[in-house]
Protein chains: 2
Amino acid sequence: MVKLKKKKKEAIKMYKIAVDAMGGDHAPETVVAGVEKAREQLPNVEFILYGDLAKVKPLIQDLRQIELVQADDALGMADEPVKSVRTRKQSSLVMAATAVKTGEADAFFSAGNTGAVLAAAIFLIGRIKGISRPALMTLMPAMGGLHDAFVMMDMGANAENRASHLYEYGILGSFYAHDILQYENPRVGLLNNGTEPDKGDSVHKEAHVLLQNGSDAKYLNFIGNVESSELLQGAADVVVADGFSGNAALKATEGTAKTLMKMLKNMIKQGNLRTKLGGLLLLPALKNLGEKFNPEQYGGAVVLGVKAPVVKAHGSAGPDAIAAALGQIEKMLTINLTGNVQSFVAEHQNDLTSQQN
Amino acid sequence: MVKLKKKKKEAIKMYKIAVDAMGGDHAPETVVAGVEKAREQLPNVEFILYGDLAKVKPLIQDLRQIELVQADDALGMADEPVKSVRTRKQSSLVMAATAVKTGEADAFFSAGNTGAVLAAAIFLIGRIKGISRPALMTLMPAMGGLHDAFVMMDMGANAENRASHLYEYGILGSFYAHDILQYENPRVGLLNNGTEPDKGDSVHKEAHVLLQNGSDAKYLNFIGNVESSELLQGAADVVVADGFSGNAALKATEGTAKTLMKMLKNMIKQGNLRTKLGGLLLLPALKNLGEKFNPEQYGGAVVLGVKAPVVKAHGSAGPDAIAAALGQIEKMLTINLTGNVQSFVAEHQNDLTSQQN
């Protein structure tokens, strides 16, 4: 008994996550609720909440594992990202990111302005040495593949991409799929406008060559081009996309799923008795289907390529999605994803740099 | 009675559509069936079918309005487009396009190799003077907007695009929406990774400026950037996209709709008694929903910017989709879409060329 207790004590390493309590459409309410929900699952995490404490404090039911820091300012969704991060040092978002920079926290979470989260991640927390373009990674649902989700990046951090950036996304995405999702030898596909190797514009043609070289060197497992029509079928475990078309494909997927579910509901509502009854009977199953299609169940968008875990939840994320995102951060900390990437890049820096030239 | 007959005779102008009878997954069967279906609706069209007559002829039930021309060769889906169009002059696809070039036919239809259809359209039929990049246009369903469909281009003809090309797509798409769909003052949106005017890479930032200039000059009605999540909601009547991300958005939409419907069916099939019964009752309405989401009901992909109507149906298109595509061509011929675009471009050539520099 005594022995077991001692062992447990040794095993637990505590982590600190800096939380932007004011970011998101319904902040700070949803953020506080999400943190309290996450805490029940994460005994090894301390949450440092940055925000307007007059608003934040009354929302907290229990201060266990929670530290509060006053932030006098809060960024809005429309604020210009780079400028805001540089000038509004007292904002909750910038203070939370700065805490990672100074070593007070191990990771950074926000449901606020995406551009500002990215800018804070890159300028305050900093790129991993050897990675030229940190990017946004999201998990998407896969139906009927080997696994029930796949990694996709870049989802829109970088509107302009070089082939070497796409190659880096392949490396970073593979690390996430392998280390966090525990996929064996994750299959990397390049999002392109056809499956043949010579498809796409010059950037994608060149990226195909770089990814193939990386695959030959066993740095990743490249399976070739994939088309956006096949993604949800689980065509690849890691989908590499330039930020512009990755963003277009992601949003088209979200929009289509949303529109179809809405049409289905309208159809039931406005249908005849038969349709209405059918809809009523199908309701629980339909809800289930909607859930499967909700990318938020997997957590938030991860900024990969920076020196600490950074996760950005959707602005409209509820407490469950925020708790999932915080759980995702804890996993990255426990596994030491950033450290693993850093070691790999340091070891293979010559290879990576030669690709970049 | 006599008077009426005479009037009717004068009013009907006959058009000839050159049909690649061998293009498509189930050609020539589906093509022949589609042509015979279309004929019933189109008394003013004569169809010239190019193909292996030993196969084609026995399939035809009635030769009314149908002319047959032997083609000894047929292109496959995997054949290299440009090279095939240049060298395989006896193929049904190349012969059909050539008939438009020589004036024997007024328009060209194929359900075959997309790249070859494009190459044939550009190299044989030729670009409209003043248009630098013909592109693929598709109609997509819009739910809850002003209209029940919208025009989107380029869907993948051009993997690399300049801003001036995107501007041309806006002009061409507007003509289609106005002349063929009869939309009043069609709203043109630029597919981008955010709605703010400064979003996107340099090409999209510049395209935004060009489209705005064109809107100021009343050549089109530009409403700004649109995101792919909003397209199906009818965010714009004409969506301008670079061919690479337009292709990604289109295929993501198709893939998501297909995956969701498949999941819904699986869910019903594998569900409990309640779910199964609900599914059974809902079946007719679900079929209806699937139909609404089938872009083929609107016809095929149109190559806009060339000197004659060119429509490419999906390789898997059935007789209905092929008949719809042929009906679409007849409309373009009757309205004289190509002529209208040519007149506009000739009149505004200085404006257009200045945009291209």
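The residue count restarts for each chain, going from 1 along the sequence in the order it is written. Chain labels run from A onward and ligand labels from 1 onward, assigned in the order the entries are written. pLDDT decides what is reported in this predicted model: residues at 70 or higher carry local features, side-chain atom pairs at 80 or more are listed and counted, and totals for whole chains, interfaces and linings draw on all residues regardless. As a convention, hydrogens and water are excluded, and side-chain values are obtained from all of the structure's heavy atoms.

Peer 1: Kindly report on the packing of helix α9 (residues 243-270) of chain B against helix α10 (residues 273-292) of chain B, identifying the contributing residues and their values.
Peer 2: All names here are of chain B. Closest axis-to-axis distance for the α9/α10 pair is 9 Å, and the angle between their directions is 160 degrees. Here α9 lies roughly antiparallel to α10, going by the angle between them. Considering how the two elements wind past one another, α9 and α10 form a crossing that is left-handed. Contact residues: α9 offers Met261, Leu264, Met267, Ile268 and Lys269, while α10 offers Thr275, Lys276, Gly279, Leu286, Leu289 and Gly290. Charged residues are taken to be Asp, Glu, Lys and Arg, nonpolar residues to be Ala, Val, Leu, Ile, Met, Phe, Trp, Tyr, Cys and Pro, and polar residues to be all remaining types, Gly included. Of the residues belonging to the contact of α9 with α10, the class tally is six nonpolar, three polar and two charged. Here an axis means a line fitted to C-alpha atoms, over the contact stretch when the element is a helix, while the angle between two N-to-C directions is reported on a 0 to 180 degree scale. Each helix corresponds to a stretch of at least 4 residues labelled H or I by DSSP, and each strand to a stretch of at least 2 residues labelled E; elements are numbered beginning at the N terminus. Angle categories are assigned with fixed cut-offs, so that under 35 degrees is roughly parallel, over 145 is roughly antiparallel, 65 to 115 is roughly perpendicular, and the rest are oblique. Crossing handedness: left-handed means the near helix sits turned counterclockwise from the far one by under a right angle, and right-handed means the same turn made clockwise. Should any heavy atoms of two residues lie within 4.5 Å, those residues are counted as being in contact.

Peer 1: Describe the sheet that holds strand β5 (residues 135-141) of chain B, listing the residues and the values that go with them.
Peer 2: Residues and elements named next belong to chain B. A pair of strands is considered paired only if DSSP assigns at least 2 bridges between the two. Strand order in the open sheet made by the 11 strands is β3-β2-β1-β4-β11-β10-β5-β6-β9-β7-β8, with mixed pairing throughout. Two strands close off the open sheet at either side, each with one partner strand: β3 (66-70) and β8 (221-226). Put simply, the sheet's adjacent strands are angled 25 degrees from each other on average, direction ignored.

Peer 1: Quick one: what's the story with the pattern of salt bridges, residue by residue and with numbers?
Peer 2: Every case where a carboxyl oxygen of Asp or Glu lies within 4 Å of a side-chain nitrogen of Lys or Arg is listed as a salt bridge. For the structure shown, the criterion picks out 18 salt bridges over all chains. Arg39 of chain A is the partner of Glu40 of chain A in a salt bridge, and the nearest nitrogen-oxygen pair spans 3.2 Å. As a salt-bridge pair, Glu227 of chain B and Lys251 of chain A come within 2.2 Å of each other at their nearest N and O atoms. Note that Glu227 of chain B is positioned in the loop between β8 and β9 (238-240) and Lys251 of chain A in helix α9 (residues 243-270), a pairing that runs across two chains. Taken together, the shared-partner salt bridges in this structure form one network comprising Glu36, Arg39, Glu40, Asp62 and Arg64 of chain A.

Peer 1: Give a description of the domain arrangement of chain A that names residues and reports values.
Peer 2: Residue and element names in this part refer to chain A. Each assigned domain of chain A is listed with its residue range as follows: domain 1 (1-128 + 305-338) and domain 2 (132-299). Delimitation of the domains relies on an automatic or database domain assignment. The gap between the C-alpha centroids of domain 1 and domain 2 is 26 Å. Each side of the interface is counted separately: domain 1 has 18 residues, and domain 2 has 13 residues. Summed over both partners, the interface of domain 1 with domain 2 comes to about 1,300 Å²; 70% of that surface belongs to carbon and sulfur atoms. In terms of surface lost to domain 2, no three residues of domain 1 exceed Leu118, Gln328 and Leu337, which account for 34% of the buried area on that side. Connecting domain 1 to domain 2 are zero salt bridges. A 3.5 Å cut-off defines polar contacts: any pair of N or O atoms within that distance qualifies, except that in protein one atom must be a possible hydrogen donor and the other a possible acceptor, and neighbouring residues in sequence count only when both atoms are side-chain atoms. For the pair domain 1 and domain 2, the number of links is one residue pair in polar contact (both at pLDDT 80 or more). Listed by contribution, the elements that provide at least two residues to the side of domain 1 that touches domain 2 are α6 (114-125) and α11 (319-335). Using a 1.4 Å probe, buried area is obtained as the accessible area two parts lose upon being combined, added over both of them.

Peer 1: Describe the interface of chain B and chain A, listing the residues and the values that go with them.
Peer 2: Each partner contributes residues to the interface: chain B has 50 residues there, and chain A has 50 residues. On the surface where chain B and chain A come into contact, there are two salt bridges. Counting across the chain B and chain A interface gives 18 residue pairs in polar contact (both at pLDDT 80 or more). Contributions of two or more residues to the side of chain B that touches chain A are made by α8 (202-216), α9 and α10 of chain B. Counting residues per element, the side of chain B that touches chain A draws most heavily on α9 of chain B, which supplies 19 residues. A per-class count over the side of chain B that touches chain A returns 24 nonpolar, 18 polar and eight charged.

Peer 1: Talk me through the sheet that holds strand β10 (residues 301-304) of chain A; I want residue IDs and the actual numbers.
Peer 2: Residue and element names in this part refer to chain A. Sheet architecture is open: 11 strands sit in the order β3-β2-β1-β4-β11-β10-β5-β6-β9-β7-β8, paired in mixed fashion. Of all the strands in the sheet, just β3 (66-70) and β8 (221-226) have a single pairing partner and so form its edges. The average angle at which neighbouring strand axes cross in this sheet is 25 degrees, direction not considered. Alignment of strand β5 (residues 135-141) against strand β6 (residues 149-153), held across five bridges, turns out to be antiparallel. Counterpart to Met140 in the pairing with β6 is Phe150.

Peer 1: With reference to specific residues and values, describe the relation of the copies chain B and chain A.
Peer 2: Rotating chain B by 180 degrees about the axis while translating it 0.0 Å along that axis superimposes it on chain A, leaving an RMSD of 0.0 Å. Such a combination of rotation and displacement between the chain copies is what one expects of a two-fold axis. For chain B, the minimum C-alpha distance to the rotation axis belongs to Gly278 of chain B and amounts to 1.9 Å. For this overlay, a least-squares fit was computed on C-alpha atoms, restricted to residues scoring pLDDT of at least 70 in both copies.

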